[in-house]
Amino acid sequence: MSKYLLLISILLGFEAISQNNNLDAVVEKFKPINHQVVHKPIQTNIWGFKNVIIVFYAKEVIHEYLNEKYSHNAVSGFLLIPDGKNYKNVLIDVFEDDNVDTEILSVFFANANNDLDKELIILTSNEHRLQYLYEGIEYNIAFYKSFKKDKIPQQMKTLENDKLNFFHNNFDGFKDERNWNARFKNSESIKKALKQLGY
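Each chain has its residues counted from 1, following the order in which its sequence is written. Residues qualify for local features only when their pLDDT is at least 70, as the model is predicted, and side-chain atom pairs are given and counted only at 80 or more; totals for whole chains, interfaces and linings, by contrast, use all residues. By convention in this description, side-chain values take in all heavy atoms of the structure and omit both hydrogens and water.

Draft legend 1. Expanded view of the nonpolar core. Among buried residues, those of type Ala, Val, Leu, Ile, Met, Phe, Trp, Tyr and Cys that are joined through side-chain atoms within 4.5 Å constitute a nonpolar core. Relative accessible area decides the class of each residue, using a 1.4 Å probe on protein chains only: under 20% of the type maximum gives buried, over 50% gives exposed, and in between gives partly exposed. In terms of nonpolar packing, the biggest core is built from 22 residues, with W47, L79, L120, I122 and M156 touching the most fellow members. Those elements that place two or more of their residues in this core are β3 (49-65), β4 (68-83), β5 (86-96), β6 (103-110), β7 (119-130) and β8 (134-144). The helix count covers DSSP runs of H or I at least four residues long, the strand count covers runs of E at least two residues long, and both are numbered beginning at the N terminus. For this core, the leading source of residues is β3, giving five residues. Residues F108, L123, A193 and L194 belong to the second largest nonpolar core, which totals 17 residues.

Written as structure tokens, this is what we have:
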């Protein structure tokens, strides 16, 4: 390898390290007190914005029932949008079940309506179990509207579309005295179904 190619490789390596360090620093800067990062941060270009960071923070929620303490997590998702040397912080949503932990499984963009912009789609799961009554995983799919540069919201809006009711009731396991098979467990199955719906 020539010394010039070696120099380019070293510089590119430093740039990648610098970008990763910067991403980690930004994620840490915006992390709320008593929260932890629960999904690998994503950096992407979308809706005319460059280097947007998508991050999820979770906190423990403790509740008491019949003198017993129980806990579950509440996961807050954010878009961190570069604004000069700072970032604009947009709340995506708070993902919380009142009894069990919520896991962020997949975060992606796909068209879920008739406009040109792709929507933000988040797949989550909750594992439920009550002896003899039900046991399994509930998969939830949330769709969020795009927005323009001159109309950055404090919180994203969910996409209201009757066709998207097709993605409800997505349980995998045993309940109501029968076995259920969830149709949508990953981004690929969701994207395929959206195309079948005409998007």
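Don't stop here, the text continues.
Draft legend 2. Fine view of the sheet that holds strand β10 (residues 178-180). The criterion for strand pairing is that DSSP finds at least two bridges linking the strands in question. Pairing is antiparallel in the open sheet, where five strands are placed in the order β6-β7-β8-β9-β10. Of all the strands in the sheet, just β6 and β10 have a single pairing partner and so form its edges. The mean angle between the axes of side-by-side strands here comes to 20°, regardless of whether they run parallel or antiparallel. For β6 and β7, the ladder comprises seven bridges, and the chain directions are antiparallel. Bridge pairing links V107 to I122 in β7. Here a residue-residue contact requires only that any non-hydrogen atoms of the pair lie within 4.5 Å. Axes here refer to lines fitted to C-alpha atoms; in helices the fit is confined to the stretch in contact. Angles between the N-to-C directions go from 0 to 180 degrees. This element, helix α2 (residues 187-196), spans β6, β7 and β8 of the sheet and lies at about 35° to β6.

Draft legend 3. Spotlight on the pairing of strand β2 (residues 42-46). Of the strand pairs in this sheet, β2 and β3 are connected by four bridges, and their pairing is antiparallel. Following the sheet pairing, I46 is matched in β3 by F49.

Draft legend 4. A look at the environment of V37. Note that V37 resides in strand β1 (residues 36-37). Taking relative accessible area as the criterion, V37 reaches 34% and is therefore assigned partly exposed. Taking the C-alpha atoms as reference points, V37 and K59, separated by 22 residues in sequence, lie 9.2 Å from one another.

Draft legend 5. Examining the environment of L197 more closely. The residue L197 is located in the segment after α2 in this model. A relative accessible area of 22% means that L197 is categorised as partly exposed. Through-space distance from the C-alpha of L197 to that of N113 is 9.6 Å; in sequence the pair is 84 residues apart. Residues in contact with L197, not counting those within four places in the same chain, are K163, F166 and F167.

Draft legend 6. Structural view of a nonpolar patch on the surface. Side chains of Y65, L66 and Y70 sit close together on the surface and give an oily, nonpolar patch of about 380 Å² of accessible area. Secondary-structure assignment places L66 in the loop between β3 and β4. Using a relative accessible area of 66% as the deciding quantity, one classes L66 as exposed. Every patch collects residues that have over 30% relative accessible area and no salt bridge, joining them within 9 Å if they carry like charges and within 5 Å if they are nonpolar side chains (Val, Leu, Ile, Met, Phe, Trp, Tyr). A 1.4 Å probe and the Shrake-Rupley method give the accessible areas. Residues count as covered only by the protein chains that appear here. A pair is scored as a salt bridge if a Lys or Arg side-chain nitrogen falls within 4 Å of a carboxyl oxygen belonging to Asp or Glu.

Note that every value here comes from positions in space, so none of it alone points to a role or purpose.
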